[in-house]
Amino acid sequence: MILPADRLKYDQLEEMDLAHATAYAVAACAEERGVTFAPPESASDPVYRSETYFGPWTTTQANSFGFVMPMTEADLAANGIINGTSDNTSAATPNGDLSEQDWKVIDECNATDATVQDLVAALHLQGPWMAELAAVEAAVLEDAQIQEILSELYDCYEESGLSPSNSAQPWLPVGADASQISEGQIRLALEVVDCKTQMDFTQRVADRHAQLQAPIIAEYANELVAQRDRIDEALEMSNDLVAGAKG
């Protein structure tokens, strides 16, 4: 689910791409100073665009992850959710033979290289709208209309034999566990998705959420568009940088 404010900042996949390109920019800078630095492999994967907006809301998410945040198998393994080997442990540290002086050069590149600074700047979102949008996020569950939609969800839960959670995530039923994927968790998640689908829960919450964001976006429209333009320029630079390094 993509809200209006989401379109004007970077998403998780774009953040990973910018961070990955930054490592390539550091490597290029270090190479010019006689130091060979191997950038880490990209952790970017389309699965990170499959967010759980107030819990799982599609059958695909529920079948694949239950209540666990969607992520790659490597990250599921790294977080101890499934058995396996994470990408982080699959190979020896590629920069393990760098000297203390080499790392000083790399630190200097991080701090002074113009390309690195441009990419990092795109990740630093600043402006009064940030605090105002954060305040909307913090108070969204207190909104009367969203409370009413949640009440309808609870009614469906009870009709399905589920109990609403009293946790900080009241949209989840009792028994939901974001740290494991099992047949029971998948079955429970599918019941949740069924309730949400019946009452169009996710779209209705998102519509109201967007209404709460709208005055802030209208007030800072020019600044937010400029923010998105800077991100797009940095992403284009990222693509060119990585493609050039690998080409």
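Residues numbered from 1 in each chain as written. Predicted model: local features only at pLDDT ≥ 70, side-chain atom pairs only at ≥ 80, totals over all residues. Heavy atoms only, no water.

Trainee: Lay out the packing of aromatic side chains with the relevant residues and their values.
Mentor: The tally for this structure, following the rule as stated, stands at four aromatic pairs. The interplanar angle of 55° and the centroid separation of 5.6 Å between the aromatic rings of W129 and Y220 together place this pair among those described as tilted. Of this pair, W129 sits in helix 6 (residues 128–139) while Y220 sits in the loop between helix 9 (201–219) and helix 10 (221–246), and the two are 91 residues apart along the sequence. The exposure classification of W129 matches that of Y220, with both residues buried. (Phe/Tyr/Trp six-rings, centres within 6.5 Å; stacked < 30°, edge-to-face > 60°. Helix = DSSP H or I, 4+ residues; strand = E, 2+ residues; numbered from the N terminus. Buried < 20%, exposed > 50% of the residue type's maximum accessible area, 1.4 Å probe, protein only.)

Trainee: Residues and numbers for unusual backbone geometry, please.
Mentor: Notably, F54 is not glycine yet its phi reads approximately 55°, a positive angle. Relative to the helices and strands, F54 is located in the loop between helix 1 (12–32) and helix 2 (59–65). On the accessibility criterion, F54 (10% relative accessible area) is buried. Of note in the backbone geometry, D200 takes a positive phi value of approximately 55° without being a glycine. Of note, D200 is situated in the loop between helix 8 (183–199) and helix 9. In this structure D200 comes out as partly exposed when scored by relative accessible area, which is 41%.

Trainee: Describe the pattern of salt bridges, naming the residues involved and giving the relevant values.
Mentor: A complete count under the given rule lists seven salt bridges for this structure. With a shortest N-O distance of 3.9 Å, K9 and D6 are connected by a salt bridge. Notably, a salt bridge pairs D11 with R49, separated by 2.6 Å at the nearest N-O pair. You can see D11 sitting in the segment before helix 1 and its partner R49 sitting in the loop between helix 1 and helix 2, a full 38 residues away along the chain. We classify D11 as partly exposed; its relative accessible area is 26%. Residue classification places R49 among the partly exposed residues on the basis of a relative accessible area of 46%. (Salt bridge = Lys/Arg side-chain N within 4 Å of Asp/Glu carboxyl O.)

Trainee: Could you give me a rundown of the state of the cysteines, with the residues and numbers involved?
Mentor: On inspection of all chains with the given rule, the structure shows two disulfides. C29 shares a disulfide with C109; S-S distance 2.1 Å. Handedness of the C29-C109 disulfide follows from its S-S torsion of about -80°: it is left-handed. Here C29, found in helix 1, pairs with C109, found in helix 4 (residues 100–112); they are 80 residues apart in sequence, far enough to count as distant. With respect to burial, C29 and C109 carry one shared label: buried. What pairs with C156 in a disulfide is C195, and their sulfur atoms sit 2.1 Å apart. Residues C156 and C195 share a disulfide whose torsion about the S-S bond is about -90°; that sign makes it left-handed. (Disulfide = S-S within 2.5 Å.)

Trainee: Describe helix 10, and please don't skip the residues or the numbers.
Mentor: Here helix 10 is 26 residues long and its end C-alpha atoms lie 37 Å apart, about the 38 Å a rise of 1.5 Å per residue gives. Considered for burial, the residues of helix 10 that qualify are L224, Q227, R228, I231, A234, L235, S238 and V242. Of the surrounding secondary structure, the elements contacted by the buried residues of helix 10 are helix 1, helix 5 (114–123), helix 6 and helix 9. (Expected span 1.5 Å × (residues − 1). Contact = heavy atoms within 4.5 Å.)

Trainee: Got a sec to walk through the environment of D229? Specific residues and values, please.
Mentor: Mapped onto the elements of the fold, D229 is located in helix 10. Distance in space between the C-alpha atoms of D229 and Y157 is 43 Å, their sequence separation being 72 residues.

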